[in-house]
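Chain residues, written in single-letter form:
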Amino acid sequence: MSGILGTGVQEGLLLKPVKYQWAMDLYDQAVANTWFPNEIQLDQDIADFKRMTDEERHAITYLMSYFNPNELLVNKALAFGVYPYVNAAEAHLYLAKQMWEEANHCMSFEYVLETFPIDRDEAYNAHVDVPSMARKEEFQVNFIKRMTEQTLDITTTEGKQDFVRNLVAYNIVLEGIWFYSGFMVALSFRQRNLLRNFGGLIDWVVRDESLHLKFGINLILTVLEENPDLQTPEFAAEIKQMILDAVEMEEEYNRDLLPSGILGLNANYINQYVKYLADRRLEELGFEPEYKVSNPAKWMATANDTYELVNFFESTNTSYETNAKSVTGSKSE
Amino acid sequence: MSITVVKRNGQREAYDANKINLAIEKASEGLDENITWVTQIASELELTLFDGITTQQLDEAVIQVALQNVKDDPAFDTVAARLLLKTIYKRVLGDYETDEELARLHLEHFEPNLRRGVEEGLLDTRLIELFDIPRLAAALNHERDDLLKYIGVVTLNNRYGIKGRNGDALEVPQYFWMRVAMGLSLNEDDPTTQALGFYEKMSKLEYLAAGSTLVNAGTSYPQLANCFVMEMQDDIEHIAKTVRDVMWLTKGTGGIGLSVTKLRSMGSPIRSNNTTSTGPIPFMHTIDSVLRAVSRGGKKFGALAFYMENWHLDFPEFLDLRQNSGDPYRRTRTANTAVWVSDEFMKRVQSDADWYLFDPLEVSELNELYGAEFSARYNEYVADAEAGKLRMFKKIKAREQFKAMLMSLQASAHPWLTWKDTINLRALNNNTGTIHLSNLCTEITLPQDEDNVSVCNLASINLSRHIVPSTGSGQARFTVDFARLEESARTAVRQLDNLIDITKSSVKEADFSNQQNRAVGLGVMGFTDAIEQLGFAYDSEQAYDFIDEVMEHISYAAIDESTELAKERGAYPNFEGSGWSNGLVPLDTIDRNEADRGVPITVSRKSTLDWDSMREKVKKGMRNATLMAIAPTASIGLVAGTTPGLDPQFTQIFSRNTSSGKFLEVNRNLVADLQKLGMWEQVRESILRSQGDVQGIAALPDHIKEVYKTSFQISPYAFLEVAARAQKWIDQAISRNMYLESRDLGDMMDVYIGAWERGVKTTYYLHMKPRHQAEQSTVKVNKAEELSDAASARAAGEGEKVGAGAAPARRGFGFSGLATKGE
Ligand SMILES: [Fe+2]
Ligand SMILES: [Fe+2]
C-alpha cells in the first residue's frame, strides 16, 4: 500500500521526502502554539466562582468533569486507533505533538479542578455516575475497542472502515462537536466578566483543538480519496448517522448541564449551537447540512473569532509564542 | 414554558415583553430607523430566557444581546451603552420616566450624594465647604453621557465611580466628572468657577486626567500622582526602604519605575561579612512578590518596571526575568523590565564590536555618566579589563546581546528598549542630576536620587474631540480646531499644576521631589481616530505633518501656560540652571544630541510658531520642570472612546481583553465610510473572517484600503516617524507601542536601530502578529474547501503555505447521491 495507511514498523522512519505537506505544516503550527497552564493565574477566578449561582457553578464543574477524562480518551483513540495504522512520518510527528497536547489539556483541567473549591470526588466520578455523560463515553469506547480487541487488518475494506469510524468518533464528534459546544459554554462566562483567566486557558485549548480538527478532517479526506472501496453510499449513510446520533446524545447531556438556565444560556440555546456545529462538520465531510439553524452565540465573534488586544497590566497575553528562536531568518546571521 | 421574573423584593411576576421592547425602543432613539432594533434584540433575548431570571439578570441579558450585534453594526454599541447607563441612573438616582425627570434627579441628588460621601469618610470635606454646590449642580449635563461608548461606561462604572461603605454606587458619570474637577480646584481662589472650567473640558472628553487622578481626586485619600521613579542603592538599608516605598506607592495606585543598575553583581564581594553578593535578581523577585501582595486600590495588582543598564554583569539574567520557564525565584511574573541603552552600545552594535559587562561595584560612576563622557569612561574600563585590572568582567559581542534583547522582546514583550543618552541629552530638567531610568510606561524622564523619588502627573488631550467639520470651501470635510486645542492645553496644564499642591503620597522623598520640580506630562490620545476622520493613512506624509503641527501647537500653549503660571504662582524651586533657564525649548535639544553623538539624527527640524519669543519667555521662569509626555492611555482611552495615545487601529475589528471583560471593537470610522459608499453590509462578514484586514477585499476602493490598514500592515518605520515628529515638541518621552509582522531578527534590529537614529527616546510594548487562531465560530467555515483553495493556490505558484497534498477539490463523502440530497 502506498497511501497514508499502513502498519509496517520499519517504514516511515525517514521524514523526507514529505508526501503529505499538510501534516508537516500542521506540525509546525502546533509547535509554535506551545503553552503551559501554569502561565495562567486563577486567583481572581476563584473569587468569581465563589459568587456565582449554584447552577453556574454546577455547569462549570460538570464541564470540567467531562473534559478531564475525555482528553485522555482522545489519546487512547489516537494511540490504539490512528498511530499504528498510519504510515507517513510527518503524520506521526503531528500525532505525537497532539498526544502531548491532550496530556497538557488534561493537566490544565486537573489544575482547575484542584484549584477551584468544588466537590472533587463528585467531579472525578461524574463521567461514570451521570448517565448522559457515561453514554457519550461509551459511544467513544466502542469505536476504540474495535481497533484493539479484534486484530484489525488495515488492508481490508472492513479494517479501513473501522479506521474511519474511530476517526469520525473521536475527531469529528468528540473534538469537533462535543468539545466545541463545551468551549462555547466555558467562554460565555468571560463575556459576563467572570472566570477571565480560565477563559484564557480555554482560548489555548481551542487553538489546539482547531488544529486537531484540521488534521483529522485532512486524514479522513485523504483516506477516502486514496481508497475508492470506501466510497459507498451505505458507508456514507452510516457515518452521517453517527453524527446525528452524537447530536442527540449531546442534547441529553446539555439538559443535565443546565437543568434550568443561567444568565444568557439555557439547554435549548446550547443545543441550537450543537446543531449549528454539526452542520458545519457535515459540510466539511462533504455532506449536506442537516439542521440549517443559525448560530445563536453571535458573541463568539468577540470571544473567539478576532485577534485579541490585551491590556498587559490586566490580563495574561496568550498570543506570545515560546519558540522565538526557531523563526530567526537568515538576515540576522 | 411560562417565564416568570424574580423582582428585587423576591416577588415573581410574569415576563413582560412589552416593557423590554419599550426600553429598547428608547435606547435606539435617533439611530438608523431602517433597522428593526426592537424586533432583533427582543427575539434574540427570548432565546436566552429561563424561568426564575431576576430583574437584574434580565437587564444584563438585554445588554449582552445588544452587544453581540456590534459586529454587524456598531450602533448596537450605542444601544448597549444607553441601556447600561439607564441601569446606573436607576441605581444611583432612582426610577424615572422622562429626560426632564432624569435631569431633575441629577440636580436634586448631587448635594445629598456629596454629603453622604463626606459623612462616610470617602470624600474630602472641603468638597462641601469650599464650593457653591447649587451652581455646580446646575451645570451638570447628563446628555454628555451620550458621548460614551459601552466600554467607556463600563470602565467609568467599574473603575472610577465612588461606592458607599455598603456598596451603593454614589456616582453617575456626570457626578464623577464634577467630583474630579472639584478635587483639582481645592487650591484655587475661586474654586467653583475653576471646577466648572475643568468639568466642561473633561465631561466633553476633550482631555482626561490619568487613571490615579480619576480614582482619587476629591477623595479623602488624594494620591493623585500617576508615576513614581526611583532607584535602589547598593546597600541593604536602602533596599529595605525601597521595598517599603514600593508597598506604599502601590497601595496608592501609582505605577513605579525602579532602577537596579547600582546593585553589585552576583559574586561581588561583601566586606562586612566577608561573603559574596547574590546580585540584584533575588531582590527583584522579592519586590515582584510585594506587587502581588499589595493590590492597587484593591482592584489591580501593583505595576512596576525594573530598569537596568546593559553593561551590568547580571544583565543576561535580567533578560530572563519574564521567561515563564526556569527557576521561579529568579523570575518576575508581575513586574516588567526595561533596558537603559547607551549610544556607545548602539555604535558597537553597528560596527559589530565587542561589548563588556562589569560589576557596578568596580565601575560605579558609569551609571552617572551619559553621552560622550560615558563612552570615554566605558572605554577606559574596557582597557582596564583587558589589562587585568578588574576583578570581574565579561566580554561578548554587542550584536549578540542586542539580538538576545530582541529575541526576548519577541517572546515575552520584554525588555522595553529605552535610550539613556538621547533621554539625557534631550532633557531640559537634568540640571539636578542624571536621569537613571524612565517609568512604568516609558514616557517619563525625570532625574532622581536617594533624596528624591520623582513624581509625574499626567493628562491627555483627546485629539479626535478637536476635529471639527470644515467650514472652508476646500475639499476637506474635517479640520483641526486649533483654538480649542490651545484652550484644552492651557486648562489641562493649570489642572495638572493644581494637582501637585493637592496630592499626597506616603513617601516623603516623593512629596519633596514633587514640590521641588512640579513635573507634569501633558499628552495626547486619539491620533489614529483623528487622522482617519481627516482621511489620512497612518504611514502618510500628511499624518506625519499632522502630528508635527498638532504637537507643536499643544507644546507651545502648554509651555506658555507654564510661564504664565510662573508669573502668577512662582517658578519651580529647581528652575535655576535648567535648560529652560538657559532659553532652551524641546526642539533645540535635537542638535545638542546630534553633536554629542557625532552621527546625524534623522528628523525634520521644521517649526511654524514663534519659538524665539518663547525662548525669551521661558528664561524668565517656568512653573513646571517638565510639561509634555505621551502616556499609553490604555484605560482612559477606553473612557474617551478613542484610539489610545499614538496607537494605530489594532485591526478593523478585534477584541479587547481588559479587567472589565472582553469587548468587540469595530472601527466606527471605517463603518461610517463604508456606509456612505453603501458597502458595509456587503463586506462586513469578509472583514470579520479576515480578522479585521480589509486589504484582500476586492470590492473596496483603494483609498479605503490605504487609510484602514491593520497595525501589522503599517510599516514599523511609520510608528517611529510619528514618534520622532512628536518628540520634537515633547520634553519628556512617548510610550511608543510597536507592532511587527516579521519575526526576522535582522528586520527587528533594523527597526530598533531606526528608532535610535531618529532620536526617539523610548519604545514600549512590542506586539507580534499572532500566527495561530482558533476556528472561527460566527463566520462560515469549511476547512475542506479552504484546503482545496490553498492547494490550487500552491499549484498556481502563488505559494500560500497552508498546504494540501492533493490538488483537486476534495469532496469527502460528497460522492454519493445521499450526500447531496439533504433532508
Ligand atoms: Fe484536547
Ligand atoms: Fe484534541
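Keep in mind that what you see is a predicted model, and the values were worked out from it rather than measured.

Chemist: Provide a residue-level description of the sheet that holds strand S1 (residues 308–310) of chain A, including the pertinent values.
Modeler: Pairing is mixed in the open sheet, where three strands are placed in the order S1(A)-S18(B)-S19(B). Each edge of the open sheet is held by one strand with a lone partner, namely S1 of chain A together with strand S19 (661–666) of chain B. Across this sheet, the average inter-strand angle for adjacent strands is 30°, counted without regard to direction. Across three bridges, S1(A) lies against strand S18 (residues 653–658) of chain B in parallel orientation. Bridging across to S18(B), Leu309(A) finds its partner in Arg656(B).

Chemist: Can you tell me about the coordination of the iron ion (ligand 1), naming the residues and giving the values?
Modeler: All names here are of chain A. Within the protein, the atoms that donate to the iron ion (ligand 1) are Glu-71 (OE), Glu-102 (OE), His-105 (ND1) and Glu-209 (OE), at distances of 1.9 to 2.2 Å. In this structure, the iron ion (ligand 1) is surrounded by four donor atoms whose angles at the metal cover 82 to 151°, and the resulting shape is irregular. If you list the donors of the iron ion (ligand 1) from N- to C-terminus, the spacing comes out as E-x30-E-x2-H-x103-E. The two metals, the iron ion (ligand 1) and the iron ion (ligand 2), are separated by 3.3 Å and share Glu-102 as a common coordinating residue. Here the residue His-105 occupies a position in helix H4 (residues 89–115), and Glu-209 occupies one in helix H8 (residues 196–226), the gap between them amounting to 104 residues.

Chemist: Tell me about the interface of chain A and chain B, and please be specific about residues and values.
Modeler: Each partner contributes residues to the interface: chain A has 94 residues there, and chain B has 98 residues. Surface buried jointly by chain A and chain B totals about 8,300 Å² across both partners, of which 53% is contributed by carbon and sulfur atoms. Glu60(B) is paired through a salt bridge with Arg192(A); the nearest N and O atoms lie 3.9 Å apart. There are 37 residue pairs in polar contact (both at pLDDT 80 or more) connecting chain A and chain B. Residue assignment for the side of chain A that touches chain B shows that the elements contributing at least two residues are helix H1 (21–32), helix H7 (157–191), H8, helix H9 (233–257), helix H10 (267–284), helix H11 (300–305) and S1 of chain A.

Chemist: Break down the coordination of the iron ion (ligand 2) for me, citing the residues and quoting the values.
Modeler: Note on the iron ion (ligand 2): its protein donors are Glu102(A) (OE), Glu175(A) (OE), Glu209(A) (OE), Glu209(A) (OE) and His212(A) (ND1). The metal-donor distances range over 1.8 to 2.6 Å. Each donor residue of the iron ion (ligand 2) belongs to the same chain, and together they define the spacing E-x72-E-x33-E-x2-H.

Chemist: Hey, could you go over the side chain of Asp73(B) for me, with residue numbers and the actual values?
Modeler: All names here are of chain B. Structurally, the position occupied by Asp-73 is in the loop between helix H3 (55–67) and helix H4 (75–93). Buried charged residue Asp-73 carries no salt bridge. Nearest counter-charge: Arg-684, at 6.0 Å. A polar atom in the side chain of Asp-73 sits 2.9 Å from the backbone nitrogen of Ala-75. Not counting the four nearest positions on each side in its chain, Asp-73 is found in contact with Ile-35, Trp-37, Gln-675 and Trp-680.

Chemist: Go over the pattern of salt bridges, please, and point to the residues and values.
Modeler: Residues and elements named next belong to chain B. Enumeration according to the criterion identifies 98 salt bridges over all chains in this entry. Two residues, Glu-29 and Lys-26, come together in a salt bridge whose shortest N-O distance is 3.5 Å. Note on Glu-29: relative accessible area 46%, which makes it partly exposed. Residue Glu-386 pairs with Lys-395 through a salt bridge whose shortest N-O separation is 3.5 Å. A relative accessible area of 45% places Glu-386 in the partly exposed class. Through salt bridges with shared partners, a single ionic network connects Glu-188, Arg-494, Asp-497, Asp-501, Arg-518, Glu-568, Arg-569 and Arg-623.

Chemist: Tell me about a nonpolar patch on the surface, and please be specific about residues and values.
Modeler: Residue and element names in this part refer to chain B. On the surface, Tyr-221, Met-247 and Trp-248 cluster together into a nonpolar patch covering about 280 Å² of accessible area. Along the polypeptide, Trp-248 turns up in helix H11 (residues 236–251). By relative accessible area, which is 35% here, Trp-248 ends up partly exposed.

Chemist: Please give an account of the nonpolar core that cites residues and values.
Modeler: Counting 248 residues, the largest nonpolar core has Phe358(B), Phe402(B), Leu522(B), Phe546(B) and Ile554(B) as the members making the most contacts within it. In contact with Phe546(B), not counting residues within four places along its chain, are Leu463(B), Ile467(B), Val480(B), Phe527(B), Ala530(B), Ile531(B), Leu534(B) and Phe536(B). Judged by nonpolar contacts, the second largest core, of 115 residues, contains Trp35(A), Tyr180(A), Leu219(A) and Ala297(A).

Scoring rules and cut-offs
- Position numbers for residues count from 1 along each chain, tracking the sequence in the order it is written.
- Chain letters and ligand numbers both follow the written order, the letters beginning at A and the numbers at 1.
- For a predicted model such as this one, the threshold for reporting local features is a pLDDT of at least 70, and the threshold for listing and counting side-chain atom pairs is 80 or more; totals across whole chains, interfaces and linings nevertheless cover every residue.
- The basis for every side-chain value is the complete set of non-hydrogen atoms in the structure, without hydrogens or water.
- Any two strands are treated as partners once DSSP identifies two or more bridges connecting them.
- Comment: elements are numbered from the N terminus, with helices defined as DSSP H or I runs of at least four residues and strands as E runs of at least two.
- To obtain an axis, a line is fitted to C-alpha atoms, over the contacting stretch when the element is a helix, and the angle between two such axes runs from 0 to 180 degrees between their N-to-C directions.
- Each metal's donors are the N, O and S atoms within 2.8 Å of it, or within 3.2 Å when it is Na, K or Ca, and because water is not part of the set, sites may look incomplete.
- Sites are called tetrahedral only when four donors show all angles between 85 and 135 degrees, square planar or octahedral only when four or six donors show opposite pairs over 155 degrees and all other angles between 65 and 115, and irregular in any remaining case.
- Here, two residues are considered to be in contact whenever any of their heavy atoms come within 4.5 Å of each other.
- Note: buried area is the sum, over both parts, of the accessible area (probe 1.4 Å) each one loses when the two are combined.
- Salt bridge, as used here, is a side-chain nitrogen of Lys or Arg placed within 4 Å of a carboxyl oxygen of Asp or Glu.
- Nitrogen and oxygen atoms within 3.5 Å of one another constitute a polar contact, given that in protein one can donate a hydrogen and the other can accept it, and given that sequence-neighbouring residues count only through two side-chain atoms.
- Residue burial is assigned from relative accessible area. The probe radius is 1.4 Å, only protein chains are included, and a residue is buried under 20% of its type maximum, exposed over 50%, and partly exposed in between.
- The sign given to each residue is positive for Lys and Arg and negative for Asp and Glu; His and the chain ends receive no count.
- To count toward a patch, a residue needs a relative accessible area over 30% and no salt bridge; like charges are then connected within 9 Å, while nonpolar side chains (Val, Leu, Ile, Met, Phe, Trp, Tyr) are connected within 5 Å.
- Using a 1.4 Å probe, the Shrake-Rupley method yields the accessible areas, and only the shown protein chains count as cover for residues.
- To form a nonpolar core, buried Ala, Val, Leu, Ile, Met, Phe, Trp, Tyr and Cys residues must be joined to one another through side-chain atoms within 4.5 Å.

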